Amino acid sequence: MLDSKIPPGALEHKWNEYKGHVKLVNPANKRKIEIIVVGTGLAGASAAASLGEMGYKVKAYCFQDSPRRAHSIAAQGGINAAKNYQNDGDSVFRLFYDTIKGGDYRSREANVHRLAEVSTNIIDQCVAQGVPFAREYGGLLSNRSFGGTQVQRTFYAAGQTGQQLLIGAYQALERQISLGNVTMYARHEMQELVIIDGKARGIITRNLISGKLERHFGHTVVLCTGGYGNVFYLSTNAMGCNVTAIWKAHKKGAFFGNPCFTQIHPTCIPVSGDYQSKLTLMSESLRNDGRIWVPKKQNDNRKPGEIPEEERDYYLERRYPAFGNLVPRDVASRAAKERCDAGYGVGTSRQAVYLDYAEAIIRYGKVECHKLGLENSTTEVIRQYGKEVIKEKYGNLFDMYEKITGENPYEVPMRIYPAVHYTMGGLWVDYELMTTIPGLYCMGEANFSDHGANRLGASALMQGLADGYFVIPYTIGNYLSDDIRTANIPTDHPAFESAELAVSDRMTRLKNINGTKTVEYFHKQLGKIMWDKCGMARNERNLKEAITEIQQLKKEFFSDLKIPGDIYEMNPELDKANRVADFIELGELMCIDALNRKESCGGHFREEMQTEEGEAKRDDEHFTYVAAWEFKSEHEWELHPETLVFDVAKPTQRSYK
C-alpha cells in the first residue's frame, strides 16, 4: 500500500502544519551529512544551492560541461505565481484550482496546493537574485496570460525566462561551490543507483571525458534530471535529455508514476523533413496576443494574406469562447490536429495552422499612436508602432522563427503544429518528494507529482524552483534526522562494487554486439512507433501493436547495434546507446500504462473515450488514481494505484467554453 504521507488537517493548513512539526537536523550534524544531487537544472541547481547554504555537504552532477547548459535554459514564456499584481481576481486558491482542473483531476491536491502557496515566494527569491523580469512603466513586475487561466499571473523575461531563472539559480549554486559547500561534477552521467540495507546510499557515474566509472557515496540521493520526451525522438527537448537516471532507480525499486501522461505543445514549428533531430518550440506566450486560424475551405492553396477575414476559421475562439486561444495545451493541440486531419491544414505538408499577429500589431499600434497624439495616422504608421511593441514583448521569439523558417512573422502568420514537449509522468513520490526507495528523492519534471494529466503553461519553472528552494530543504531533514549517526560508507563496500560491475557488464554487452545499425536508427524507429501509436491519440489496437513492435525492436537493438570507439574513452555513441536502451524499455511501459488507462484525460486521449463533441471523457469511477508501476522483470510490471481524494476541487467535466 502506497503511503503518500499527506499531513492531516485542512488543505490550506497542511504545509504550514507540516513545517511546524517536521524533524530538524542541527547545524553541527548537517556538516557531517553528504547529499548527492543529480541534475543541475532549475530543480537541481536550486536544491544544491539551498542544501549547501543550510550546511550540508553537497555533491552535484550534470552530464553537460556546465550547469548553465541544463535544458531549463530553453523555457521561454514565463513562470506562474499567485501575486495578483494585476488585481484581476487571482489568488493562491485560484492557481491551485486552475492547476487541478488543467491536470484533468489527476493530480494530488495537497502537493498542488503547496505549489500554489510557495509560488509567491519564488518571485521574491528570483527578484532578489537579480532576475530581470519584465516591468510595467511604473516599475511593477509585469504579467501576461497563459493557457488554462482567465487571469494574468505569468511573470516573464521577454522570451528567455528559463535562461534568466537558471542564471539566478546557477549564481546561487556557484556561490556555494566557491564556499566549498558544494562539489560540482560536470560531464558525469549517473549510470546506477547504489542501495545498501534498503536505502539509497550512492551512485555510479561515467566520466564522459575519460569513460571511467566512478563511485560516489551519499547519505541520500536527489534526482532532478528532467523529462523523458525524447522517447518520441522528435520533441522540443534538448537532444541530451534522457530517462536514464530515473529509469535505473525504477529498475532498483522506485515506482514509476503515470508514465503515459505526455504533454503535446500546440505551438511548435512543424516538421520539415526526415533529417530533423529535434523540434523548436514557439512559446505559449505567443497565444497571449496571437490568433490561431485555418482557412474555411479545405486544401486552400492561397497565401494567408490572400484569404479574407470572412473565409478564416478562428476555431479555438469558435469552439471555446470563454478561453479562446488560451485554452490549455492538450485542448489546443487536439483541436489543431482535428482541423489538419479534416483537410484544413496549411503549408506544404498540410500539417500546420496559422498563428497570426496582424490584429495585435494594429491594436498595440493604435494605443501607441493615441499616447503620442497621432490621431490620424496611416495604417502603415500604426503598424510600425505596433511592431515595436510586439518586438519588445516577443522579439527574440520572432527572430528565432525567422531564422529557422526564413519567413518574417511580423508580415506573415507563423505556421505551427503540436509536438511532444513535457512529461507529466515520472518517479512516484510522496508529499516529502521521496520515492518508494528510502533516501531517494525526485524533483521537478523527473517526478510525477503536480501536474496530473496535463501541465498548465508556465508551471514547469514554478515546480522546479518550488521543489528546490522551498520544499526539499524542509522534507529532507525529516529523513536525515534519523541518519545523523550513520558514518560515511566507504565506496569499496560490496554494494558499490556490484553496482559498478553491473554498469561495466552492460556497457561491454552493448559494445560487443558489433551489429550493422546505428543508435540513431533505433531511436528513430522507436520514436515513430511512439508518435504514431502512443502520441496525440491512442486506441487499444494501436497500443497493443506498439507493445509488440517495441519488444521486437528491443531484440533487434541488442542483436544488431553498432557502436564505434572504445568503452573507456570519450564515446558519445556509447552514451547515446545507454540512453536509447532505457528509452526502449520506457516506451513499452508507457504503452502498457496507456492501454491500462481506459479513459481520456488531459494529454492522454483514448479515441474510444470521448464526448460527442470530441472532448476527453474521464472515467472517475475507475481511474481516479495515480498509476504507480513497479518493475518486476523484463516486459513485466505490477500496478500499484494511489487513490486520489478530492476534498476541495471536486472533479467535474472540464469545460473551457
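What you see is a predicted model; the values in this text were computed from it and never measured.

Draft legend 1. Main features of empty space enclosed by the protein. All chains considered together, the criterion is met by three cavities of 30 Å³ or more. In this structure, the largest cavity encloses a volume near 60 Å³. Around the largest cavity, the lining residues are Q263, I264, D330, S333, R334, N454, M536 and G603. Put simply, the parts of the chain that give the lining of the largest cavity at least two residues each are β11 (262-268) and α9 (329-344). The dominant element in the lining of the largest cavity, judged by the number of residues it contributes, is α9, at three residues. Considered class by class, the residues forming the lining of the largest cavity number two nonpolar, four polar and two charged.

Draft legend 2. Expanded view of the pattern of salt bridges. Counted according to the given criterion, the structure contains 62 salt bridges. R541 is paired through a salt bridge with E545; the nearest N and O atoms lie 3.2 Å apart. Of this pair, R541 and E545 both sit in helix α15 (residues 540-560), four residues apart, which is roughly one turn of that helix. Among the residues examined, E545 registers a relative accessible area of 29% and is labelled partly exposed. Ionic pairing is found between E634 and K554, a salt bridge with its closest N-O pair at 3.0 Å. Residue E634 is found in the loop between β18 (625-633) and β19 (636-643), and its partner K554 is found in helix α15; the two are separated by 80 residues along the sequence. Where salt bridges share partners, they join D104, R106, D330, R334, R597, E599, R618, D620 and R654 into one cluster.

Draft legend 3. View of the domain arrangement of the protein chain. Per the domain assignment, the segments of the protein chain are domain 1 (265-419) and domain 2 (494-616). Look at where the C-alpha atoms of domain 1 and domain 2 centre, and you get two points 34 Å apart. Summing both partners gives a buried area of about 760 Å² for domain 1 against domain 2, and 56% of it is carried by carbon and sulfur. Two residues, E615 and R319, come together in a salt bridge whose shortest N-O distance is 3.2 Å. The tally of links between domain 1 and domain 2 comes to four residue pairs in polar contact (both at pLDDT 80 or more). Ranked by residues supplied to the side of domain 1 that touches domain 2, first place goes to α9 with four residues. Considered class by class, the residues forming the side of domain 1 that touches domain 2 number two nonpolar, one polar and five charged.

Draft legend 4. The side chain of S459, seen in detail. Its location among the elements puts S459 in the loop between β17 (440-442) and α12 (460-480). A relative accessible area of 0% places S459 in the buried class. A distance of 3.1 Å separates the side chain of S459 from the side chain of N80, its partner in a polar contact. Once residues lying within four places of it in the same chain are set aside, the contact partners of S459 are N80 and H451.

Draft legend 5. Representation of the sheet that holds strand β8 (residues 213-217) within the structure. Strand order in the open sheet made by the three strands is β6-β7-β8, with antiparallel pairing throughout. Looking at the sheet topology across the chains shown, the edges are occupied by β6 (188-196) and β8. Averaged over neighbouring strand pairs, the angle between their axes works out to 25° when direction is ignored. Relative to strand β7 (residues 199-207), β6 runs antiparallel, the two being bridged by eight bridges. The residue of β7 that forms the bridge with I195 is A200.

Draft legend 6. Just unusual backbone geometry, in detail. Not every positive phi belongs to a glycine, and Y105 is a case in point at roughly 60°. For Y105, the location among the structural elements is in the loop between α4 (92-102) and α5 (109-129). Owing to a relative accessible area of 0%, Y105 belongs among the buried residues under this scheme. The backbone of H635 sits at a positive phi, close to 65°, despite the residue not being glycine. Its relative accessible area of 32% is what places H635 among the partly exposed residues.

How each quantity is defined
- Residues numbered from 1 in each chain as written.
- Predicted model: local features only at pLDDT ≥ 70, side-chain atom pairs only at ≥ 80, totals over all residues.
- Heavy atoms only, no water.
- 1 Å grid on protein atoms, 1.4 Å probe; cavity = no way out; pocket = protein on both sides within 12 Å on 5 of 7 lines; lining within 4 Å.
- Points joined across faces, edges and corners; volume = space filled by probe spheres on them.
- Helix = DSSP H or I, 4+ residues; strand = E, 2+ residues; numbered from the N terminus.
- Nonpolar A, V, L, I, M, F, W, Y, C, P; charged D, E, K, R; others polar.
- Salt bridge = Lys/Arg side-chain N within 4 Å of Asp/Glu carboxyl O.
- Buried < 20%, exposed > 50% of the residue type's maximum accessible area, 1.4 Å probe, protein only.
- Domains from an automatic or database assignment.
- Buried area = accessible area lost by both parts, 1.4 Å probe.
- Polar contact = N/O pair within 3.5 Å; in protein donor to acceptor, adjacent residues only side chain to side chain.
- Contact = heavy atoms within 4.5 Å.
- Pairing = 2+ DSSP bridges.
- Axes fitted to C-alpha atoms, helices over the stretch in contact; angles between N-to-C directions.

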